[in-house]
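Coordinate inspection notes
Each chain, letter by letter, is given below.
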Amino acid sequence: MDGLQQRALREVLDSEQPGWLDGSIESGLRAFAGILADQWQNVGASDYAGENHLVIGPAGVGKSQLLGCWVMREHLASPGGSSVVELDGSRPNTCPNLRLLCEAMGIRVDRNLQELLHDERRSIYLDAPGVNWVDASEVVGWRDRLAELRHPKVHLVLNAAYSLVQLRKQLRAFAPLNFVDVSFTHVDEEPNLSKLWSLIIGNS
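Keep in mind it's a predicted model, so treat the numbers as computed, not measured.

Take the packing of aromatic side chains next. Pairs of aromatic rings are described using the distance from one ring centre to the other and the angle between the two planes. Enumeration over the complete set of coordinates arrives at zero aromatic pairs. Here Arg-145 stacks its cationic end above the ring of Trp-142, 4.5 Å away from the centre of that ring.

Given below as structure tokens:
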């Protein structure tokens, strides 16, 4: 963590657990771990049930694979309760893996968005193709489509193996979409996962 993130964490600890420095090193570490646990959330499939969701991110981050895991978990818990819509953007959505998984599991996957949007019993997952995040107009184009997509919750997916500088740039680039959370893929390729706390605590 850099100095700004360290100060931000210190302020949280001082406000939520006053006197945390008065005890032993062990008690300080427990306080530190407690704050980090509160800041980090593992989202389960049931948390997304019955809503519309747009899953978006840069090309090649593993977004469709992650979405497949979410949809599969929800389908196993509530068969027939979720559907996937493949969206096109400035480039077509051509990744076949998510469609193959859905068809194998008996999950409805379609490109007919309007028909599915009228079925409020389902969770609808909107799979966007990779976004050229360095082109601000492309991100704004997705923001302008949110009303057409019935105002879904936006979930950003990023590659944890990218540099911290790159991740910060991507977070800022996608900020116009007002995403509700960020998921990190490729965590097995990043030896220093502590850098992600800099993003979370620093509100970059």
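With respect to the secondary-structure elements, Pro-58 resides in the loop between β1 (52-56) and α3 (63-77). According to the relative accessible area criterion, Pro-58 is buried, its value standing at 4%. Expressed as a C-alpha distance, the spacing of Pro-58 and Ala-128, which sit 70 residues apart in the sequence, is 9.8 Å.

In this structure, Leu-54, Ile-56, Leu-87, Leu-126, Trp-142, Phe-174 and Leu-177 are the most contacted members of the largest nonpolar core, which totals 26 residues. Secondary structure elements with two or more residues in this core: β1, β4 (123-127), α6 (136-145), β5 (153-159), α7 (164-174) and α8 (195-202). Among residues more than four places away in sequence, those in contact with Leu-87 are Leu-54, Asn-93, Leu-113, Leu-126, Asp-127, Ala-128, Pro-129, Trp-142, Arg-145 and Leu-149. One finds Val-61, Ile-107, Val-109 and Tyr-125 within the second-largest nonpolar core, a separate group that totals 13 residues.

Our focus in this paragraph is the environment of Asp-88. Looking at where Asp-88 falls in the secondary structure, it is placed in the loop between β2 (82-86) and α4 (97-105). When the C-alpha atoms of Asp-88 and Ala-128 are compared, they prove to be 6.5 Å apart, with 40 residues separating the residues in sequence. If we skip the residues at most four places from it in the chain, Asp-88 touches Asn-93, Arg-111, Pro-129, Trp-142 and Arg-145. One polar contact links Asp-88 to Arg-111, side chain to side chain, over a distance of 3.0 Å.

Residues of α6 that are buried: Glu-138, Val-139 and Trp-142. Taken down its axis, α6 places every buried residue within 100 degrees of arc, on the same side. Opposite the buried face of α6, by more than 90 degrees, sit the exposed residues Ala-136, Ser-137 and Asp-144. Elements that come into contact with the buried residues of α6 comprise β1 and α7.

Moving on: the pairing of β2. Put simply, side chains in a regular strand alternate between the two faces of the sheet. Counting buried positions over the five residues of β2 gives five, a clear majority of the element. Where β2 and β4 come together, five bridges link them in parallel fashion. Its bridge partner being in β4, Val-85 is matched across the sheet by Leu-126. Judged from the three bridges that link them, β2 and strand β3 (residues 108-110) form a sheet pairing that is parallel. Across the sheet, residue Val-85 finds its bridge partner in β3, namely Asp-110. After leaving β2, the chain enters α4 and then returns to the sheet as β3, a path that is right-handed.

To continue, consider the side chain of His-75. Relative to the elements of secondary structure, His-75 occurs in helix α3. Of the residues examined, His-75 reaches a relative accessible area of 11% and is grouped as buried. If we ignore the near neighbours within four places in the chain, the residues touching His-75 are Gly-80, Ser-82, Met-105, Gly-106 and Ile-107.

The rules behind these values
- Every chain is numbered on its own, with residues counted from 1 as its sequence reads.
- With the structure being a predicted model, the display of local features is reserved for residues of pLDDT at least 70 and the display and counting of side-chain atom pairs for 80 or more, all residues being used for whole-chain, interface and lining totals.
- The side-chain quantities take in all heavy atoms of the structure and omit both hydrogens and water.
- Aromatic pairs are defined between Phe, Tyr and Trp rings, using the six-membered ring for Trp, whenever the two ring centres lie within 6.5 Å; interplanar angles under 30 degrees are classed as stacked, those over 60 as edge-to-face, and all others as tilted.
- In this scheme, Lys NZ or Arg CZ marks a charge over a ring once it lies within 6 Å of the ring centre and within 35 degrees of the ring normal.
- Only runs of H or I of at least four residues qualify as helices and only runs of E of at least two qualify as strands under DSSP, and these elements are numbered from the N terminus.
- Buried, partly exposed and exposed residues are distinguished by accessible area as a fraction of the type maximum, computed with a 1.4 Å probe on protein chains only: under 20%, between the cut-offs, and over 50%, respectively.
- Among buried residues, the Ala, Val, Leu, Ile, Met, Phe, Trp, Tyr and Cys ones that are joined through side-chain atoms within 4.5 Å form a nonpolar core.
- Two residues qualify as a contact provided that any one of their heavy atoms is within 4.5 Å of a heavy atom in the partner residue.
- Polar contacts here mean pairs of N or O atoms no more than 3.5 Å apart (in protein, one a potential hydrogen donor and the other a potential acceptor; neighbouring residues in sequence count only if both atoms are side-chain atoms).
- Along the arc lie the directions from the helix axis toward the C-beta atoms.
- Here a strand pair is declared whenever DSSP counts at least two bridges between the two strands.
- With strands facing away from the observer, any crossover in which the path from the first strand over the helix to the second runs clockwise is taken as right-handed.

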